[in-house]
Amino acid sequence: MSKKWYVLHTYSGYENKVKANLETRIETMGLENNVFRIEIPTETVAEIKDGGKRVESEKKVFPGYVLVRMEMDDRSWAAVRNTPGVTGFVGSQGNPSPLTREEYNKIMKRTSVEAPKKTSTNMEIGQAVHVVSGPLKDFDGLVSAVMPEAGKVRVMISIFGRETPVELMFEQVEKI
């Protein structure tokens, strides 16, 4: 038998509890040689809170899913499947489908230290903003583009009577 990664479907919000329950079950049932690792893919997301404060937090990449590396046999399948909070394995017609190496690598690459940090904001196109820092401090403008991957917004600011697009970091502006 070979060790493969499988995806478990769980109740959303119970991923950490499922991981803890599974680790306990593996130990008490003596399945350490069948179930090897349990992963909950997360990524670091920077959010800009009101007042322009940047706060980083861990967010689950796939809420409601947990990855398990295991050798699939009747005993390990039953132990994992009957863990509280687990609703089933991802697969077709009730048969668990293992992830390919490429799928696993793609999922885990999003969670690695080198993965670009995502930034989220509640700013929207057309929203009025006030510049709070930088050379354009105290100017007002309208958001024309939101670039969460870069942590920036493009703001149309009236300079010398002309609308000028300016790219600013999320923390340089606040909603009016």
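Up top you'll find the structure we're talking about.
Given the structure is predicted, the values throughout are model-derived calculations rather than measurements.

A. Looking closely at the pairing of strand β11 (residues 140-147). Direction of pairing for strand β10 (residues 128-131) relative to β11: antiparallel, over a ladder of 3 bridges. What sits directly across from Val129, in β11, is Gly141. Both β11 and strand β12 (residues 152-159) contribute to a ladder of 6 bridges, which runs antiparallel. Considered in β12, the bridge of Val143 is made with Val155. Where β11 hands over to β12, the hairpin turn is made up of 4 residues, of which Gly151 adopts a positive phi near 75 degrees.

B. Structural detail: the sheet that holds strand β5 (residues 65-71). Across the sheet, 4 strands lie side by side as β2-β5-β1-β6; this open sheet has antiparallel pairing. Looking along the sheet, the strands with just one partner apiece sit at the ends: β2 (35-39) and β6 (86-89). With strand direction ignored, the average angle separating the axes of adjacent strands in the sheet is 30 degrees. The strands touched by helix α1 (residues 15-28) within the sheet are β1 (3-10), β2, β5 and β6, with β2 carrying the most contacts at an inclination of about 165 degrees. Set on the sheet, helix α2 (residues 74-81) makes contact with β1, β2, β5 and β6; between it and β6 the angle comes to about 145 degrees.

C. Just the environment of Tyr65, in detail. Within the secondary structure, Tyr65 sits in strand β5. When its relative accessible area of 32% is taken as the criterion, Tyr65 is described as partly exposed. Residues Tyr65 and Asn33, 32 residues apart in the sequence, show an inter-C-alpha distance of 23 Å. When neighbours within four sequence positions are excluded, Tyr65 is seen to be in contact with Val7, Leu8, His9, Thr10, Glu15 and Val90.

D. Looking closely at the pairing of β5. Among the 7 residues that make up β5, 5 are buried, leaving the element largely enclosed by the rest of the structure. As paired elements, β1 and β5 share 7 bridges and run antiparallel to each other. Its bridge partner being in β5, Leu8 is matched across the sheet by Val66. Judged from the 4 bridges that link them, β2 and β5 form a sheet pairing that is antiparallel.

E. Representation of helix α3 (residues 101-109) in the model. Within the span of α3, buried status applies to Tyr104, Ile107 and Met108. Seen from one end, α3 has its buried residues packed into an arc of 90 degrees, which puts them on one side. Structural note: α3 exposes Glu102, Lys106 and Lys109 on the side pointing more than 90 degrees away from its buried face. Lining the buried residues of α3 we find β1, β2 and β5.

Rules of the game
Residues numbered from 1 in each chain as written. Predicted model: local features only at pLDDT ≥ 70, side-chain atom pairs only at ≥ 80, totals over all residues. Heavy atoms only, no water. Pairing = 2+ DSSP bridges. Helix = DSSP H or I, 4+ residues; strand = E, 2+ residues; numbered from the N terminus. Axes fitted to C-alpha atoms, helices over the stretch in contact; angles between N-to-C directions. Contact = heavy atoms within 4.5 Å. Buried < 20%, exposed > 50% of the residue type's maximum accessible area, 1.4 Å probe, protein only. Arc of directions from axis to C-beta.

Limitation: the analysis is restricted to geometry and does not speak to function.
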